Amino acid sequence: KNQVEQSPQSLIILEGKNCTLQCNYTVSPFSNLRWYKQDTGRGPVSLTIMTFSENTKSNGRYTATLDADTKQSSLHITASQLSDSASYICVLHGASYDKVIFGPGTSLSVIP
Amino acid sequence: NAGVTQTPKFQVLKTGQSMTLQCAQDMNHEYMSWYRQDPGMGLRLIHYSVGAGITDQGEVPNGYNVSRSTTEDFPLRLLSAAPSQTSVYFCASSKRGSWRETQYFGPGTRLLVL
């Protein structure tokens, strides 16, 4: 069973609409949880980072939440834009550098 | 700053051939790593380095070698390519190994092994 699961696998939304992406994890303990955005053909770019004790973090139109009790995180995108079309990846980092687990990502398509 | 650069962008190999994927960064970052990304799976750590002269294995090191002779460069070598190594490879760097540090990823190298 994957230690980090993301849903939905893919999503299509209209420009201007909001959406929420989910990340469920089983790995514990961890130091921080990051959300990355990966444009097609590019490397991932960090959007937000939260520690175990934080429950929300915003970066412009992106807001990440974390519920450590249920081991769930979500990424909410407000007023989507065409440039938001990308894969969004949830990543858990452990205490040491090599303890990193990437989720499989959610592919988001924003259409006009 | 160019950030993290990777060459080549694309490569096709035959089974058994060898090659080196190049990675360089100009941010004076101590930590560098190699990941592979396969369809439907998350990125997986192959090897990483915490500084020049120091390397260590990640989750999936078999079939790959690395070295770190300078702070800037971190090449990944495939000694005898196998079809299972068909993947997209990403190099990343960060200032330090602390979880607080953001990793900066290169654009990736797409490798096809026939």
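See above for the structure.
So, here's what we can say about the structure.

## Remarks on the overall build of chain A
When you go through chain A residue by residue, the secondary structure sums to 0 helices and 11 strands. For 112 residues, the compact-globule formula gives about 13 Å, and the C-alpha radius of gyration of chain A, at 13 Å, lands near that figure. The C-alpha extent of chain A, read off along each of the three principal axes, is 40 × 25 × 25 Å. By residue count, 45% of the 112 residues in chain A fall in the buried class. Partitioning the intrachain contacts of chain A with sequence separation of at least 6 by distance along the chain shows that 54% fall at a separation of at least 24. Of the roughly 5,400 Å² of accessible surface on chain A, a fraction of 50% belongs to carbon and sulfur atoms. Where the 9 positive side-chain charges of chain A centre and where its 8 negative ones centre are 3 Å apart.

## So, the pairing of strand β5 (residues 45–51) of chain A
Residues and elements named next belong to chain A. Taken across its 7 residues, β5 has 5 buried, putting it largely inside the fold. Pairing geometry for strand β4 (residues 32–38) and β5, over 6 bridges, is antiparallel. Following the sheet pairing, Leu33 is matched in β5 by Met50. The antiparallel hairpin formed by β4 and β5 contains 6 residues in its connecting segment, where Gly41 sits at a positive phi of about 75°.

## With respect to the interface of chain A and chain B
Contacts between chain A and chain B engage 20 residues on the former and 24 residues on the latter. Summing the contributions of chain A and of chain B, the shared interface buries around 1,700 Å²; its carbon and sulfur component is 59%. Across the contact surface, chain A and chain B share 0 salt bridges. Our count for the contact surface shared by chain A and chain B stands at 3 residue pairs in polar contact (both at pLDDT 80 or more). Of all elements in the fold, only β4, β5, β9 (86–93) and β10 (100–102) of chain A reach the threshold of two or more residues within the side of chain A that touches chain B. Residues that form the side of chain A that touches chain B fall into these classes: 8 nonpolar, 9 polar and 3 charged.

## A word on the layout of surface pockets
Quantified by volume, the largest pocket comes out at close to 700 Å³. In terms of lining residues, the largest pocket is bounded by 28 residues, among which Gln38 and Ser87 of chain A together with Gln37, Val88 and Arg110 of chain B are the most central. Counting residues per element, the ones that place at least two in the lining of the largest pocket are β9 and β11 (106–111) of chain A together with β9 (87–94) and β11 (109–113) of chain B. Considering each element in turn, the lining of the largest pocket owes the most residues, 3 residues, to β9 of chain B. Taken together, the residues of the lining of the largest pocket break down into 8 nonpolar, 15 polar and 5 charged.

## Notes on the sheet that holds strand β7 (residues 64–66) of chain B
All names here are of chain B. Strand order across the open sheet formed by 4 strands is β1-β3-β8-β7, with antiparallel pairing between neighbours. Since the sheet does not close on itself, it has two edges, and those belong to β1 (4–7) and β7, each with one partner. If you compare each strand with its neighbour and ignore which way they point, the axes differ by 20° on average. Across 3 bridges, the pairing between strand β3 (residues 19–25) and strand β8 (residues 76–78) is antiparallel. Across the sheet, residue Leu21 finds its bridge partner in β8, namely Leu76.

## Quick notes on the state of the cysteines
Residues and elements named next belong to chain A. A complete count under the given rule lists 2 disulfides over all chains for this structure. The disulfide bridge from Cys23 ends at Cys90, spanning 2.0 Å between sulfur atoms. Since a negative S-S torsion denotes a left-handed disulfide, the Cys23-Cys90 link at about -65° is left-handed. With Cys23 in strand β3 (residues 19–25) and Cys90 in strand β9, this pair connects stretches of sequence that are 67 residues apart. Across this residue pair, the class does not change: Cys23 and Cys90 are buried.

Calculation notes
- Residues numbered from 1 in each chain as written.
- Chains lettered and ligands numbered in written order.
- Predicted model: local features only at pLDDT ≥ 70, side-chain atom pairs only at ≥ 80, totals over all residues.
- Heavy atoms only, no water.
- Helix = DSSP H or I, 4+ residues; strand = E, 2+ residues; numbered from the N terminus.
- Rg over C-alpha atoms; globule rule 2.2 N^0.38 Å.
- Buried < 20%, exposed > 50% of the residue type's maximum accessible area, 1.4 Å probe, protein only.
- Contact = heavy atoms within 4.5 Å.
- Areas by Shrake-Rupley, 256 points an atom, 1.4 Å probe, with all protein chains shown as cover.
- Lys, Arg positive; Asp, Glu negative; His and termini not counted.
- Charge placed at Lys NZ, Arg CZ, Asp CG, Glu CD.
- Pairing = 2+ DSSP bridges.
- Buried area = accessible area lost by both parts, 1.4 Å probe.
- Salt bridge = Lys/Arg side-chain N within 4 Å of Asp/Glu carboxyl O.
- Polar contact = N/O pair within 3.5 Å; in protein donor to acceptor, adjacent residues only side chain to side chain.
- Nonpolar A, V, L, I, M, F, W, Y, C, P; charged D, E, K, R; others polar.
- 1 Å grid on protein atoms, 1.4 Å probe; cavity = no way out; pocket = protein on both sides within 12 Å on 5 of 7 lines; lining within 4 Å.
- Points joined across faces, edges and corners; volume = space filled by probe spheres on them.
- Axes fitted to C-alpha atoms, helices over the stretch in contact; angles between N-to-C directions.
- Disulfide = S-S within 2.5 Å.

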